[in-house]
Amino acid sequence: MSKLLPNSSPIPNMYFDELLYLLTPPEQAALLYLCRRTYGFHRDRERISITQFCEGKFSRDGKRLDHGTALTKNTVRKALRSLLAFNIIECTRPAIEFPEVSRKPAEYAIQLDSEQIKWPDLITRWESKNEANKRRVEHLVNVNTQAKFI
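Asks: Is there a simple way to explain helix α2 (residues 25-38) in this structure?
Replies: An α-helical turn contains 3.6 residues, so any two residues separated by three or four positions project in the same direction. Look at α2: 20 Å from first C-alpha to last across 14 residues, which is about the 20 Å you get at 1.5 Å a residue. Of all the positions in α2, only E27, A30, L31, Y33, L34, C35, R37 and T38 are classed as buried.

Asks: Can you walk me through the environment of H67 in this structure?
Replies: Tracing the chain through its elements places H67 in the loop between α3 (50-55) and α4 (73-85). The spacing of H67 and G56 is 11 residues in sequence and 4.1 Å in space, taken between C-alpha atoms. Look past the residues within four positions of H67 in its chain and what remains in contact with it is C54, E55 and G56.

Asks: What exactly am I supposed to notice about the pairing of strand β5 (residues 107-110) here?
Replies: Every regular strand shows the same layout, with side chains that alternate between the two sheet faces. The alternating pattern of β5 places E107 and A109 and Y108 and I110 on opposite faces, both of which are buried. The pairing of strand β1 (residues 45-47) with β5 spans 3 bridges and is antiparallel. Bridge pairing in β5 links R47 to E107. Inspection of the sheet shows strand β2 (residues 89-93) paired to β5 by 4 bridges, in the antiparallel sense. Along β5, the bridge assignment pairs R93 with E107.

Asks: Where do I start with the packing of aromatic side chains in this structure?
Replies: Working definition: an aromatic ring pair is given by the centre-to-centre distance plus the angle between the planes. Counted under the stated rule, the structure contains 3 aromatic pairs. With a centroid separation of 5.5 Å and 55° between ring planes, the pair formed by Y33 and F53 is classed as tilted. One end of the pair, Y33, is in helix α2; the other, F53, is in helix α3, and 20 residues separate them in sequence. Assigned by exposure class, Y33 and F53 land together as buried. Between F53 and Y108, the ring centres sit 5.8 Å apart and the planes meet at 80°, which makes this aromatic pair edge-to-face. You can see F53 sitting in helix α3 and its partner Y108 sitting in strand β5, a full 55 residues away along the chain. The residues F53 and Y108 share a single accessibility class, namely buried. By the ring-pair criterion, three or more aromatic residues cluster together here, those being Y33, F53 and Y108.

Rules used throughout
- Every residue gets a number counted from 1 within its own chain, in the order that chain's sequence is written.
- Residue-level local features of this predicted model are given only where pLDDT is at least 70; pairs of side-chain atoms are given and counted only at 80 or more, and the full residue set underlies all totals for whole chains, interfaces and linings.
- In computing side-chain values, all of the structure's heavy atoms are included and hydrogens and water are not.
- The way it works is that DSSP assigns letters per residue, a run of H or I at least four long becomes a helix, a run of E at least two long becomes a strand, and they are numbered from the N terminus.
- Each residue after the first adds 1.5 Å to the expected span of a helix.
- Residue exposure (1.4 Å probe, protein chains only): buried if accessible area is under 20% of the type maximum, exposed if over 50%, otherwise partly exposed.
- Contacts were defined at the residue level, with two residues in contact if any of their heavy atoms lie within 4.5 Å.
- The rule for pairing is simple: two strands pair if DSSP sees at least two bridges between them.
- Centres within 6.5 Å are what make two rings of Phe, Tyr or Trp a pair, Trp counting through its six-membered ring; a difference in plane orientation under 30 degrees is then read as stacked, over 60 as edge-to-face, and the rest as tilted.

Shown next, in the form of structure tokens:
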């Protein structure tokens, strides 16, 4: 028996089958980290700071619990904004400032209703990036072909 299965985080197949290829790598990392911090702990939502998304979570006694996404704060912010814009995740409680204490991070949940996800916008973005990549490759092929004849 594998030791991995009991310590697993369930992720809906729809994410792998229909969604993951439409997302950028930072969006994928942020979404998977959110899945881990929610579904992996049998929760439907979780307060997660930007620093935690980047660097991971530590226990109260300083023990490292995970390593986060290893993305920069700006990259995580951009990925989260995009996931929110496409309705892939929800911000169920915004970050709160407590003047005397500290800042409470935003609380995120994963969109469970696939009909709420903005599929046409995701597909349009993917197609436009695909077209740009094709043009870039064609340009490189043309440049390399011309260089051989000079």
